[in-house]
Each structure stands twice: as C-alpha cells, then as structure tokens.
Amino acid sequence: MKIVVLIKQVPDTTEVKLDRKTGNLIREGVESIVNPDDRRALELGLRLKDDFSATVTVVSMGPPQAVDVLSEALGMGCDEAVLLTDKAFAGADTWATSTTLGKALEKIGDFDLVLCGYQAIDGDTAQTGPQLAEYLNLPQACYVDNIEKLEAGKITVTRRNDNGYERISLKLPALLTISKISAEPRYPLMGNLIDACREDAKIKIWNAADIGALSQELGMAGSLTQVVKTFSPKGKRAGEILAGEVPEAVSALLEKVREAHLLKLKG
Ligand SMILES: Cc1cc2nc3c(=O)[nH]c(=O)nc-3n(C[C@H](O)[C@H](O)[C@H](O)COP(=O)(O)OP(=O)(O)OC[C@H]3O[C@@H](n4cnc5c(N)ncnc54)[C@H](O)[C@@H]3O)c2cc1C
C-alpha cells in the first residue's frame, strides 16, 4: 500500500500578523513548524505503515527552507520526501496550490491513499484537500478523526459533522483530510533525522518542469482568485464600568439602554 501525506510549513503562531503596507504575512522572527493537522495526518499514515507495511511518501510545496519539515517527517519514519519548489509556484491561491500538488501526485503515481491536514493554521481555508480530490477525481472524506478499517480496495473512517459523527466507507484510492485524532503524533527519532540529513537524495526536489506543469497553471498566473486587500479586524471598543452601588448602576444602565433605543421600557 502506498500512502502520500501532504504537509505545509507554517509559522508557529495562530496570531498571524500582516504587513500594513503590503498586506503580506509577516514571517520574520516567527519560527516555522509542520502544520499541526498535518502532523496528525503523518501519524495516521505511519500507523498504517506499522500495521499494513505501507510506504509513506511526504510532499510539501514551499520555499527551499521547507526541507526542514520534510526532514522532520523522515525523522518520524516516512520513507521518502518530495519538495516542490520553484519561483513559478509563488503567489498561488488554493486552486493553483491544489493543481501543483495534483501534478506531483500524478508523477508519484500508483498511490492508494492521500492524507492531508484539514486546515492550515496560516491560510486557514481548508480548501486544498477537497480541491485536490476534485483535481485527481478521487472520493474524499473531510474532517476525519479515525480510520476504522482498511480492507481490499476499501477504507472506513469516522468524520465529525455539526451534529455528531458519520462512519463512511470509500473506495481506494481516496483522499482524507485529518483533524483531531486520539493519538499524539510521534516524535522524530534522532537516528532517522541524522539519516535524513546524510542522505539528501532521500528528499527529491522538483520544479515546474519536473511535474510537467505549464506556467499558466501555476502560482499567480494559475490562480482563480485574487486577494484584493488584507486587513486585521478592528479592535473591540473598550467597555464601560458603571461605578457605585448596584441600584444606581442599574438605573444608569437602564438610562443608557433607553438612550440607545435598544428596549421599550415602561414608565
Ligand atoms: C491570490 C492569493 C495569493 C497568495 N499568495 C501567496 C504567496 O505569495 N505566498 C504564500 O505563502 N501564500 C500565498 N497564498 C496563500 C496560499 O494560497 C495558501 O497558503 C495555500 O493555497 C494553501 O491554502 P491554506 O493555507 O488555506 O491551506 P488549507 O487549504 O487550509 O490546507 C489544508 C491542507 O492542505 C495541505 N496543504 C496546503 N498547502 C500545502 C502546501 N503548500 N504543501 C503541501 N500541502 C499543503 C496540507 O495538508 C494542509 O493541512 C495566496 C493566496 C491567494 C488567494
């Protein structure tokens, strides 16, 4: 069985800051990590490797420094890694990102299962997995938190929805996006990390030509959406504390409610 896990390098913060002038993400001074949902997807993939002798290939699209997250994945026990890096990929929206990842998966070929995180903590769209499944014409289940059964040509998973849980069976090959799982993702092993650094041939570096992509399909040129403006939400207005004893404070509050025409008060 061949599993491909897609991982994104993200800033180690959920408080994303934007440059006021350019609207771009400020990455300086913020450490980068494997996106948390993607670490969970890696753990699920590696459990299947342990139980079913699967092979796990890990893929990331990003700048050259994204080799760090791929090395970490190799340290956790993945068998091979591919970094997709090219200036032509820059400025990609989620569709151009999915197209690039899709072309890489077509090149990898013969996979049975594709695992993505549900959501990246920086871009936050949760669109890449579903769009990639559409691109590759694969059955998909999103928000998966457990793989229940794997049998010939079929996988059964549980996924969360607004009302509870669903159990779904999908024909393989299929794509799953992973959110919470009960198990803690494993730590990389020192020996594997050293091997990952030594055998740099293990991390394949592919550019646009390597995946047979045309420049108009990639990056900004291949993006169907355009960010017109990015901005932080305005801070909340400071509250007002009504001082004094409770009866006076309540009277003052009622006066404010009346002034604001929020309620019709008798008397
Ligand atoms: C017009 C436009 C321009 C943009 N320009 C830039 C830019 O110049 N630079 C920039 O950094 N971002 C840019 N972005 C953001 C970029 O599109 C997203 O970071 C990317 O498409 C993934 O979306 P997301 O972060 O919401 O991930 P989600 O869809 O939330 O991610 C879900 C899962 O998909 C997988 N995944 C997502 N991205 C990758 C990846 N790169 N490699 C491997 N797996 C992945 C992971 O498993 C992840 O958990 C731009 C977005 C738009 C709309």
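Preceding block: the structure.
Residues numbered from 1 in each chain as written. Predicted model: local features only at pLDDT ≥ 70, side-chain atom pairs only at ≥ 80, totals over all residues.

## What about the nonpolar core?
Which entries qualify depends on this criterion: Any nonpolar core is a set of buried residues, restricted to Ala, Val, Leu, Ile, Met, Phe, Trp, Tyr and Cys, that join up through C-beta atoms within 7 Å. Burial in this document is a count-based property: other C-beta atoms within 10 Å of a residue's C-beta are tallied, and the residue is buried at 20 or more, exposed at 12 or fewer, or partly exposed in between, with C-beta positions derived from the backbone. Any two residues are considered in contact once their C-beta atoms, placed from the backbone, lie within 7 Å.
Val5, Val58, Leu70, Ala73, Ala81, Val114 and Leu115 are the most contacted members of the largest nonpolar core, which totals 60 residues. Once residues lying within four places of it in the same chain are set aside, the contact partners of Ala81 are Val58, Leu70, Ala73, Leu74, Lys202 and Ile203.

## Brief notes about helix H6 (residues 246-259)
Basically, it comes down to this: Think of it this way: any DSSP run of H or I at least four residues long counts as a helix, any run of E at least two long counts as a strand, and we number them from the N terminus. For a helix, the expected span equals 1.5 Å multiplied by the residue count minus one.
Taking 1.5 Å of rise per residue, 14 residues should cover 20 Å, and H6 covers 20 Å from first to last C-alpha, within 8% of that figure. The buried fraction of H6 amounts to zero of the 14 residues, a small share that puts the element mostly on the outside.

## Re helix H4 (residues 128-136)
Turning to H4, its buried residues number three or more, namely Thr128, Gly129, Gln131, Leu132 and Ala133. Contacts from the buried residues of H4 go to helix H3 (94-108), strand S6 (113-117), strand S7 (140-151) and strand S10 (174-178). One or two residues past the end of H4 sits Asn137, with phi positive at roughly 55°.

## With respect to the site of the ligand
What counts here: For each residue, a C-beta atom is placed from the backbone, and the residue is labelled near a molecule or strand when this atom is within 6 Å of it. Note on residue categories: nonpolar means Ala, Val, Leu, Ile, Met, Phe, Trp, Tyr, Cys or Pro, charged means Asp, Glu, Lys or Arg, and polar means any other residue, Gly included.
For the ligand, the set of nearby residues contains 32 residues, the closest of which are Thr97, Gly117, Gly123, Thr125 and Thr128. Residue assignment for the shell around the ligand shows that the elements contributing at least two residues are helix H1 (36-52), strand S4 (55-61), H3, S6 and H4. Among the elements that make up the shell around the ligand, the one with the highest residue count is H3 (three residues). Its residues placed into classes, the shell around the ligand shows 10 nonpolar, 16 polar and six charged.

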